[in-house]
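# A structural walkthrough
Below are the chains, spelled out letter by letter.
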Number of protein chains: 2
Amino acid sequence: MTKKLRIIPLGGLGEIGKNMTVLEYGRNMIVVDCGVMFPDSDMYGIDLVLPQFDYVIQNQEYLRGIVLTHGHMDHIGSLPYLLRQMKASIYGTGLTVGMVKRQLEEAKVLQQASLHVVGEKDIFQLGPFKISLFPVAHSIPGSVGLVIDTPAGAVVHTGDYKLDETPAGGRITDLERLRELTPNGVLALLADSTNADKPGRTPTEKLVAGELDRLFAEATDGRIIIATFASLLARLQEIMNLAAKHGRKVALTGRSLEENVTLARDLGYLKIPNGLLVDINARVRDNQLLILSTGSQGEPRSALNRMAQGEHRQVQVKRGDTIIISGGTIPGNEEEVGRMLNKLFERGANVIYGKLATVHVSGHGSRDEMQTMLEVVKPKFMIPVHGETRHLHLHARLAESLGMDPKDVFILKNGSVWATDGKKAWLDQPVPAVDVLVDGHLVGEIGAVVIEDRQRLSQDGFIVALIPVNARNKLAGEPELISRGFVPVNGTSDLLQAAQKEIRREFKRGKKVAHESIRDTLQNFFYRETQSRPVVLPSIIRV
Amino acid sequence: MTKKLRIIPLGGLGEIGKNMTVLEYGRNMIVVDCGVMFPDSDMYGIDLVLPQFDYVIQNQEYLRGIVLTHGHMDHIGSLPYLLRQMKASIYGTGLTVGMVKRQLEEAKVLQQASLHVVGEKDIFQLGPFKISLFPVAHSIPGSVGLVIDTPAGAVVHTGDYKLDETPAGGRITDLERLRELTPNGVLALLADSTNADKPGRTPTEKLVAGELDRLFAEATDGRIIIATFASLLARLQEIMNLAAKHGRKVALTGRSLEENVTLARDLGYLKIPNGLLVDINARVRDNQLLILSTGSQGEPRSALNRMAQGEHRQVQVKRGDTIIISGGTIPGNEEEVGRMLNKLFERGANVIYGKLATVHVSGHGSRDEMQTMLEVVKPKFMIPVHGETRHLHLHARLAESLGMDPKDVFILKNGSVWATDGKKAWLDQPVPAVDVLVDGHLVGEIGAVVIEDRQRLSQDGFIVALIPVNARNKLAGEPELISRGFVPVNGTSDLLQAAQKEIRREFKRGKKVAHESIRDTLQNFFYRETQSRPVVLPSIIRV
């Protein structure tokens, strides 16, 4: 390798999730973040999506460390899978490392990791890379951005940030420190593009606190149930404070929420007054109780959805309950959330969601904040990261509208290899970086073919035709059709009988009957009769 | 039947779509609207959802007519299916009847219908029902609300409306006429609940016109491509006007759009300057061309999505194109729309969507407008219609907050039978009103079992195990496994080989081996190995 700086995003480009970026200089490599992505709804049956690690694993001898910006799953969630395959040193602030540690313990790979807690303004050296942290405001405490000084120049990686002036906990994005850390200018900026399609500024978290305060004051009769993301720890702190103010105890339901609260409290990131938390089974008067719950996305097994279904063991939703959905709906989850809300209303609750009140704001800055970041950093080169393709393009156009030369703004793909000598920049040969699909125990075994089969099965089901054939290639009995998901199988099923007749006719025609000809005959027959295209699989049984 | 008024919603409650309401008095029945619903994403493989018509068909001898509020598919789209089974007289304004006529012609059931065009302020008698129309502002011209005078009292059905003061075409909701038509008060109000979770007023359509004007002025270099709903005819008129103003010709792409424009123009509902429309193949300079397209929802075969995929025969998207998505994303379509937008950006277009500019507003009024409607009508009884369960509840609570007695506000379900003698109201025995699913040629044959099978197949695929067994119930050859959508079938497939071994072991155990025991063995085996639950179908083959 020649002495050049190479930046290789392995995930997070063209998608919101599985953020992972490699930086290389000579025989030295660092990795920033190592996240998972939750599957799109067209990834049928898939539980999780990982970045493809191969490049890192093949070059593990050069890896000087993995640096984490914050503890959200799309930034740390793939570590257990990576550490199944190699050892690594991992650096992050206290809460981030605490969350990683718990994950690695659960996955039984903790011994593979050397964990390093760093302060939010620490500076440390990993090979030729000098890493300087600066605090950023985001929806989880301990979030940082990175200034990475390299022999080719300084690289700024914003992590996830907003320029909230009044965030929960008062911890703002420290642009002053970012300026101090980059006295000689910035070679390349890698900046969060999530909200590049949102004009203006993201509303401050303080707005949410004010709105919740008002709703708490109005909910005088019954319980308050708030569903939010378990990882929105800054929001949880606000809710705890407001509960105390309004004389309500707080009970938790949902495993991830209980775990995160315990962890954040143990590490000093959540300040909970003594006696505020009560067990979910404790007897507390309705108007003195607040229940914090998982399930803002309508996830089937989440605590709030179990309440909606009437299947929650401790909480039966009833008239008088005020339920607040304090988490934005992630695109793709709208229908599930909608169904859950319908059921909660049916049970008599007053549900506050969506535009009814500002009970959620994004943790990512909008266009005006992106503009400020660009103006503060003034990079020579800019690489929009952390966004779908449309967000990357809009972020790039924003940079260009501020005067950057379009040839200095790089819209990369996962696996792109961006290289620079500190003066000019170019693209090297890309490295493999496809989606690695996790389905139950299977990691990486399920590919496009299986997903396409599932897609087709989901639309029209399948038919397996068992066809007994003798040595002279004649039909030697009644064909049997096995079907699911196509048409109702009980009842008269004239259609399947007619299909059997088609098969007999095919044999009578006297041509040599083969697997393919029967498949085509049946496919055509079913399409003609139903305008559907079930998966047809003939199986010729030699008798 | 005793002399009482009965109101029976057969669709549109607990859902946005397939609006259809029956009103009965003695041996007289009218139907208001007869729409379809587009399926939720968990209705695998379903093309359309119809209301269950059985009650209307059984009582067809009493039907005095079907009255339509406007020409959107969720209000007229089921008529071709209903008219396959019975004849009916249908009443609507010119555009509405025009759209119905085209549909019925296509479905070859026009001879079943007696079509009646009525004016937007007409009054006509259907048996004991006096129907008086009043104009409402909505996103399609010719929309009306209904005052239905019955011997029990007046019923107001709002249809779909907003109280836009500056709508496209200047046609506002005529509350003055509504007041005139109800001099003796209103017994029951059936009111649109779509936006019951949106505070304030729905922005005026004029805002969209202004924003489009600004965007047209900015797009000096290249083509403008606008995707919108083909049924948003009021918006189409604005766009045509602006195109003329900015010196652009208009080309249409997308069958539904071309058909609707032709129809609306023929009926006088669209005023298009001579020479404005050009063929999509016409040679026009980029900065003098506007392309109107279908596909605001990212539908796979829509014109805009074909452009995004590079598969549109006439239009290749390129740098310099400004693409405007002038249609809100229907919940459930977010991911498809997002993927389409990504591809359009990749092709170099500047795409305006979502919050980037106000290029779409809803055609339904928000909470403040609902409040005004309630205050104008002052009904004795109120029945929120046209909404998911959450919208009905929020609409009901709004009515209660304005002083209505909760016992006078009825949240009904499809099939509920609301009855009144003009003084009190109660619920009679409900009638059947489930979802009727259309899948290709199959209407009503696909039920929950098939949908559940498809859901399961979409997650984990299936395995059919062909097991040759002899007369003594012993394994008589190698079991064969046929699988799709579970694990990759090519390659080594250790898993399927291990499963064959499981089957042999099951037989060796010497117990009587049956279909069920093999299924359980395989299900347990696959779950243990993969944590997935494919559909397992053993087939025992007697040899």
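Residues numbered from 1 in each chain as written. Chains lettered and ligands numbered in written order. Predicted model: local features only at pLDDT ≥ 70, side-chain atom pairs only at ≥ 80, totals over all residues. Heavy atoms only, no water.

Counting its secondary structure elements, chain A contains 15 helices and 26 strands. Burial statistics for chain A: of 543 residues in total, 59% are counted as buried. (Helix = DSSP H or I, 4+ residues; strand = E, 2+ residues; numbered from the N terminus. Buried < 20%, exposed > 50% of the residue type's maximum accessible area, 1.4 Å probe, protein only.)

So, on to the domain arrangement of chain A. The domain boundaries assigned to chain A delineate domain 1 (5-200 + 362-443), domain 2 (205-352) and domain 3 (461-542). Its C-alpha centre places domain 1 of chain A at a distance of 54 Å from the equivalent point of domain 3 of chain A. (Domains from an automatic or database assignment.)

Another aspect to go through is the sheet that holds strand β9 (residues 129-135) of chain A. Residues and elements named next belong to chain A. A sheet is described by the order of its strands in space; here six strands give the open sequence β8-β9-β10-β11-β12-β19, paired in mixed fashion. Whereas interior strands pair on both sides, the edge strands pair on one side only; in this sheet they are β8 (123-126) and β19 (379-385). Averaged over neighbouring strand pairs, the angle between their axes works out to 20° when direction is ignored. In the sheet, β9 pairs with strand β10 (residues 144-150) via six bridges, with the strands oriented antiparallel. The residue of β10 that forms the bridge with Ser-132 is Val-147. Across the sheet, helix α11 (residues 367-377) lies against β11 (153-157), β12 (186-192) and β19, angled at about 165° from β12, the strand it touches most. Across the sheet, helix α12 (residues 389-401) touches β12 and β19, and the angle it forms with β19 is around 160°. (Pairing = 2+ DSSP bridges. Axes fitted to C-alpha atoms, helices over the stretch in contact; angles between N-to-C directions. Contact = heavy atoms within 4.5 Å.)

With that settled, consider helix α13 (residues 448-460) of chain B. Residues and elements named next belong to chain B. The terminal C-alpha atoms of α13, which comprises 13 residues, lie 18 Å apart, in line with the 18 Å expected from a rise of 1.5 Å per residue. Those residues of α13 lying buried are Val-450, Ile-451, Asp-453, Arg-454, Leu-457, Ser-458 and Asp-460. Of the residues flanking the end of α13, it is Gly-461, one or two places downstream, whose phi is positive at about 70°. (Expected span 1.5 Å × (residues − 1).)

Residue and element names in this part refer to chain A. Most of β12 is tucked away: seven of the seven residues are buried. Looking at chain direction, β11 and β12 are connected through three bridges and run parallel. Opposite Val-155, over in β12, you have Ala-188 as the bridge partner. Considered for its hand, the β-α-β crossover made up of β11, helix α5 (residues 175-181) and β12 is right-handed. Both β12 and β19 contribute to a ladder of six bridges, which runs parallel. Note that in β19 the partner of Ala-191 across the bridge is Pro-384. (Right-handed = clockwise from strand over helix to strand, strands pointing away.)

Bringing the side chain of Ser193(B) into the picture now. Residue and element names in this part refer to chain B. Its location among the elements puts Ser-193 in the loop between β12 (186-192) and α6 (205-218). With relative accessibility at 0%, the residue Ser-193 sits in the buried group. Of note is the side chain of Ser-193, whose polar atom sits 2.7 Å from the backbone oxygen of Val-385. Not counting the four nearest positions on each side in its chain, Ser-193 is found in contact with Met-370, Pro-384, Val-385, His-386, Gly-387, His-391, Leu-392 and His-395. (Polar contact = N/O pair within 3.5 Å; in protein donor to acceptor, adjacent residues only side chain to side chain.)

A separate point is unusual backbone geometry. Unusually for a residue other than glycine, His386(A) sits at a positive phi of about 55°. Note on placement: His386(A) falls in the loop between β19 and α12. In the Ramachandran plot, Lys378(B) falls in the positive-phi region, its phi being about 40° despite a non-glycine side chain. Structurally, the position occupied by Lys378(B) is in the loop between α11 (367-377) and β19 (379-385). Taking relative accessible area as the criterion, Lys378(B) reaches 63% and is therefore assigned exposed.

What follows is about the packing of aromatic side chains. Evaluation of the coordinates by the stated rule reveals 15 aromatic pairs over all chains. Ring centres 5.5 Å apart and planes at 70° place the aromatic pair Phe381(A) and Trp418(A) in the edge-to-face group. Of the two residues, Phe381(A) sits in strand β19 while Trp418(A) sits in strand β20 (residues 417-420), which places them 37 residues apart along the sequence. Accessibility expressed as a relative area gives 3% for Phe381(A), which makes it buried. Relative to Phe526(B), the ring of Phe525(B) lies with its centre 5.3 Å away and its plane at 65°, an arrangement referred to as edge-to-face. Residue classification places Phe525(B) among the buried residues on the basis of a relative accessible area of 4%. (Phe/Tyr/Trp six-rings, centres within 6.5 Å; stacked < 30°, edge-to-face > 60°.)

Here we come to the interface of chain A and chain B. Every contact between the two is made by 68 residues of chain A and, on the other side, 68 residues of chain B. Here chain A and chain B share six salt bridges between them. Of the charged contacts, one joins Glu346(A) and Lys413(B) as a salt bridge, the two residues approaching to 3.8 Å between their closest N and O atoms. Linking chain A with chain B are 28 residue pairs in polar contact (both at pLDDT 80 or more). For the side of chain A that touches chain B, the secondary-structure elements that each account for two or more residues are α10 (334-346), α12, α13 (448-460), β24 (462-469), β25 (480-484), α15 (515-530) and β26 (535-542) of chain A. (Salt bridge = Lys/Arg side-chain N within 4 Å of Asp/Glu carboxyl O.)

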